[in-house]
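Okay, here's what each chain looks like letter by letter:
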Amino acid sequence: MKNIIVISILFCFVISCKKQAPSESTVISVEVPGDTITSSVIEYIDADLAVKIKPAIEGWLKFYNLDISDFQKGVKSTMDVDKLKKDTTYAYYNYIEYTKDRDVYTPQFYDYSPDKSMYLNIMEATFVYLAEDGKYHYAGSDDSQGITLFNRKDKSAVLITYRGYSDSADAVFWVDNQMFIIAGYAAVNDPGEFTLEVYDLKEKTKNRYIFPKEYTTGDSYLMTDMKRRNIIID
């Protein structure tokens with residue numbers, strides 16, 4: 001009789017274990033999808049690069065109360081200016097021709113490299129113009145900017161960025177004769193983002209850095225810079 005009771009208990013225990021197995025398996029399968037969820041990691045501007053370019057853009061950073069260490073890494077792309085000079089398939093090939101009139105040194109209008117061999121034309125791209133009175137005027141723009149790099153040595157002109165209303169350029173800064181920065185603001189996302197595009201002519205790269213922040217300033221750095229250059233705002 002005792003043997004029968006023991007066997008019955010063992011039988012019930014085995015049946016109970018078998019019933020629990022599917023349940024445990026179900027719990028695991030439910031948890032697995034949760035384990036596969038990954039989160040993107042934000043990478044910030046390299047410390048060495050930040051130290052290198054900060055002196056050049058210090059005024060722009062202070063104007064908007066920004067900290068360069070807050071800028072996040074964005075899109076990195078190739079920018080081979082020497083190749084683009086001869087690339088007839090480039091969408092902006094011969095966007096602007098280099099003429100004799102452009103072989104000048106006019107810091108009020110253009111932004112020059114330290115050795116003055118190259119310059120960028122953000123003011124011209126924002127529709128600042130030389131009027132009949134011999135002074136530079138700004139009467140508004142159509143919210144587009146085709147910023148070109150001019151080389152006075154080889155007499156070339158290469159459009160390096162075309163901006164619109166949602167991603168406008170605010171200023172250009174030369175770090176040295178091989179590196180320059182185009183700073184601006186993009187309203188493509190909410191709350192929008194301040195942008196830095198670092199062009200390295202030697203490395204043939206263009207690196208974009210962003211800092212998500214709402215634009216709350218009245219006058220832009222661009223308009224303030226126009227006043228500093230004695231450009232007449234009509």
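These numbers were taken from a predicted model, which means no experiment stands behind them.

(A) The arrangement of the overall build of the protein chain in detail. A count of helices and strands for the protein chain gives five helices and twelve strands. Expressed as a percentage of its 234 residues, the buried residues of the protein chain come to 40%. Pairs at least 24 residues apart make up 54% of the contacts formed inside the protein chain by residues separated by at least 6 positions. Carbon and sulfur atoms provide 54% of the accessible area of the protein chain, an area that totals close to 14,100 Å².

(B) Representation of the packing of aromatic side chains in the model. All told, the structure shown has 27 aromatic pairs when counted by the stated rule. Considering the side-chain rings of Trp 60 and Phe 71, the 6.4 Å spacing of their centres and the 45 degrees angle between planes classify their relative orientation as tilted. Taken together, the residues span a long stretch of sequence, with Trp 60 in helix α2 (residues 47–64) and Phe 71 in the loop between α2 and β1 (72–78) at a distance of eleven residues. In this structure, Trp 60 and Phe 71 share a single accessibility class: buried. Centroid distance Phe 63 to Tyr 64: 4.9 Å. Interplanar angle 85 degrees. Geometry classified as edge-to-face. By relative accessible area, Phe 63 is classed as partly exposed at 29%.

(C) Summary view of the sheet that holds strand β11 (residues 205–212). The five strands are arranged β1-β11-β10-β9-β8 in an open sheet whose pairing can be described as antiparallel. A single partner strand is all that each edge strand has here, and the edge strands are β1 and β8 (167–176). Between one strand axis and the next, the sheet turns by 20 degrees as a mean value, whatever way the strands run. As defined by bridge partners, β8 adjoins strand β9 (residues 179–186) across eight bridges and the pair is classed as antiparallel.

(D) Inspection of the sheet that holds strand β5 (residues 136–138) at higher detail. Read from one edge of the open sheet, three strands run β4-β5-β12, paired in mixed fashion. Two strands lie at the open edges of the sheet, namely β4 (128–130) and β12 (232–233), each paired on one side alone. The pairing of β4 with β5 spans three bridges and is classified as antiparallel. Looking at β5, one finds that Leu 130 is bridged to Tyr 136.

(E) The arrangement of the nonpolar core in detail. Counting residues in each nonpolar core, the largest one holds 36 residues, and the members touching the most others are Leu 149, Ile 160 and Phe 180. No other element matches strand β7 (residues 156–163), which puts four residues into this core. Excluding its chain neighbours within four sequence positions, the residues that come into contact with Leu 149 are Val 81, Met 118, Tyr 119, Leu 120, Ser 156, Ala 157, Val 158, Ile 160, Trp 174, Phe 180 and Leu 201. Among the nonpolar cores identified, the runner-up in size contains 23 residues, and Ala 171, Phe 194, Val 198 and Phe 211 belong to it.

(F) Here's a closer look at unusual backbone geometry. Positive phi outside glycine occurs at Phe 127, with the angle close to 70 degrees. Inspection of the secondary structure assignment puts Phe 127 in the loop between α4 (122–125) and β4.

(G) Structural detail: the pairing of strand β6 (residues 145–151). Of all seven residues that make up β6, seven are buried, and the element is covered over most of its length. Here β6 shows a buried face lined by Gln 145, Ile 147, Leu 149 and Asn 151 and a second buried face lined by Gly 146, Thr 148 and Phe 150. Pairing geometry for strand β3 (residues 118–120) and β6, over three bridges, is antiparallel. Within β6, the position partnered with Leu 120 by the bridge is Leu 149. As paired elements, β6 and β7 share seven bridges and run antiparallel to each other.

(H) Structural view of the side chain of Asn 151. Turning to its location among the elements, Asn 151 is positioned in strand β6. Among the polar contacts listed, one links the side chain of Asn 151 to the backbone nitrogen of Asp 154, at a separation of 3.3 Å. Sequence-distant contacts of Asn 151, defined by excluding residues within four places in its chain, comprise Lys 85, Tyr 98, Ser 117, Met 118 and Ser 156.

(I) Geometry of the pairing of strand β10 (residues 193–200). Within β10, eight of the eight residues are buried, which leaves the element mostly enclosed by the surrounding structure. Burial of the side chains of β10 extends over both faces: Glu 193, Thr 195, Glu 197 and Tyr 199 are buried on one face and Phe 194, Leu 196, Val 198 and Asp 200 on the other. Inspection of the sheet shows β10 paired to β11 by eight bridges, in the antiparallel sense. Paired with Asp 200 across the bridge in β11 is Thr 205. Count of turn residues in the β10/β11 antiparallel hairpin: four residues, of which Lys 204 carries a positive phi of about 60 degrees.

What counts and how
Residues numbered from 1 in each chain as written. Predicted model: local features only at pLDDT ≥ 70, side-chain atom pairs only at ≥ 80, totals over all residues. Heavy atoms only, no water. Helix = DSSP H or I, 4+ residues; strand = E, 2+ residues; numbered from the N terminus. Buried < 20%, exposed > 50% of the residue type's maximum accessible area, 1.4 Å probe, protein only. Contact = heavy atoms within 4.5 Å. Areas by Shrake-Rupley, 256 points an atom, 1.4 Å probe, with all protein chains shown as cover. Phe/Tyr/Trp six-rings, centres within 6.5 Å; stacked < 30°, edge-to-face > 60°. Pairing = 2+ DSSP bridges. Axes fitted to C-alpha atoms, helices over the stretch in contact; angles between N-to-C directions. Core = buried A, V, L, I, M, F, W, Y, C linked by side-chain atoms within 4.5 Å. Polar contact = N/O pair within 3.5 Å; in protein donor to acceptor, adjacent residues only side chain to side chain.

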